[in-house]
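# Chains, contacts and geometry: an overview
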Amino acid sequence: MSQRAWEMRSTTGSVDEFMRRENAGRDLLGRALRSSWDWAVRGWILAISPYSYPVKANYSKWNTGNTSQCACGKDAESFTHLQLGCLLEFRRQARQAAHNRVAKVVEKHLDKVNTPQRISVWDKQVSNFLQLIESTRPHAALLNSLTLQDLKAWQDMVRSPRPTRLVGQKRTIEDIQTYFEKEDLGKRPDGLVFDLQARTIYLIEVARTGDAEGSLRNRYIKKTLKYSPLAEAFRQAFHPCTVEQTTLVIGLLGSIEESRWRQSLSAFGMTQSQQDKLISKCMVATIEGAHSVLGAADQSKYS
C-alpha cells in the first residue's frame, strides 16, 4: 500500500479504541491533548494509528524505504524502539530530556504541598539528602534516633522554629550512613521528601514506558523493586519513620494506572484538584516529549 493510501485512511477507530480504556486517566488525557503542541498531537494520533508513525518500520510497508533497520543497529526502527530503546546517543539524550520534562512537573507540583513542614531534594544523590537533613535543624536534631514514646515530643519540636528541647538520642551523619550501602548513597532518585511533622520519607520515582497496561504495570514493579533496598535502609536509619515509595509511571502517549497514581498522590497529601492538575500536566509533558524524541537530530553532523 502506498504512503498516500495510508495518509488517507481513517484513524477514528484507533483513537476511539485507545480513549475508551478504563482506569487510564482518559478524561484528563483529553484535557492534556487540548493543551499540547499541535505537532505533538499530530504525532500522538499517528502513534496510535497502525503503520502511520514516521519511522523506517512503517516506511518499508509503504514501499518508500529500503530497510526497516534503525541506524543504531539494534532493532527495526519502530515507534517503541525509537522512543524507548534506540542506542544512538542523540536519541538517548532526547529520551532523558523527555523523562526530565515529566519529572520537573512532578517536582513543581509536589513541592507546593505542605511546604513549611517538608524538606526535599530532586535529582540529587542520597548523600545530599542526608546532608540537607543534617543542616535543617540545630545540632542535627533530625538525625536523632527516636522511640515511639518520643514521637509527640518530636512533633512539638519540628513545629517550633527554634526548638529549645532536642528529642531523641543524638547521632551524626556518619552514624546514619552506616545503614546504607555505599552504592545506595550515590543513587539519585527523582525526588526525596522528608515530612517532618508526620516523620515520613517519600522516595519518588518517575518513569516513561509503553502505553499497554502490561508495560505500565511491569515498569512500576521494576522501579519499585529497584529502590526497595534503599527504602528499607531509610526505614532502619530513621526508625520509627515511615517510608513511602511513590512510583509514578506514565505511557509515552499519556496512559497511566489512574487508581495507583491517585493512591500515591493522596498519600502524599494532595487534594483531588491538585492531583488533576499534576496528572494533566504530566500527560502534556510526556506527549510533547515523545514529539521531541521523534524530531531529535544528530548535532555532531553539523559541528
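Read on for an overview of the structure. (Residues numbered from 1 in each chain as written. Predicted model: local features only at pLDDT ≥ 70, side-chain atom pairs only at ≥ 80, totals over all residues. Heavy atoms only, no water.)

With omega at 5 degrees, the peptide bond leading from H239 into P240 counts as cis. Residue position: P240 is located in the loop between α12 (213-237) and β4 (242-251). Phi at D123 takes a positive value of approximately 55 degrees, unusual for a residue other than glycine. Tracing the chain through its elements places D123 in the loop between β1 (118-122) and α8 (126-136). (Helix = DSSP H or I, 4+ residues; strand = E, 2+ residues; numbered from the N terminus.)

Evaluated as defined, the whole model comprises 12 salt bridges. Taking the shortest distance from any N to any O, the salt bridge between E288 and R101 comes out at 3.5 Å. Pair noted here: E288 is in helix α14 (residues 272-294) and R101 is in helix α7 (residues 89-110), with a separation of 187 residues, a long-range link. On the basis of relative accessible area, E288 is assigned to the buried category, the value being 7%. Overall, R101 belongs to the partly exposed group, its relative accessible area being 29%. The shortest N-O distance in the salt bridge between R188 and D123 comes to 3.3 Å. (Salt bridge = Lys/Arg side-chain N within 4 Å of Asp/Glu carboxyl O. Buried < 20%, exposed > 50% of the residue type's maximum accessible area, 1.4 Å probe, protein only.)

Moving on: the nonpolar core. Looking at soluble globular proteins, one finds that nonpolar side chains tend to be buried together. Judged by nonpolar contacts, the single largest core of 44 residues is most densely connected at V106 and L110. Mapped onto this core, the elements with two or more residues apiece are α3 (26-35), α4 (38-48), α6 (79-85), α7, β3 (200-209), β4, α13 (258-268) and α14. Of all the elements, α14 adds the most residues to this core, at 8 residues. With sequence-adjacent residues up to four places away left out, V106 is seen in contact with W122, I204, V206, L248, L278 and C282. With 25 residues, the next largest nonpolar core counts L143, L185, L203 and A237 among its residues. (Core = buried A, V, L, I, M, F, W, Y, C linked by side-chain atoms within 4.5 Å. Contact = heavy atoms within 4.5 Å.)

Our next topic: a positive patch on the surface. A surface patch of like charges, here positive, comprises K108, K112, K277 and K281. Relative to the elements of secondary structure, K112 occurs in the loop between α7 and β1. Given the relative accessible area of 53%, K112 is considered exposed. (Patch = residues over 30% accessible without salt bridge, like charges linked within 9 Å, V, L, I, M, F, W, Y side chains within 5 Å. Areas by Shrake-Rupley, 256 points an atom, 1.4 Å probe, with all protein chains shown as cover. Lys, Arg positive; Asp, Glu negative; His and termini not counted. Charge placed at Lys NZ, Arg CZ, Asp CG, Glu CD.)

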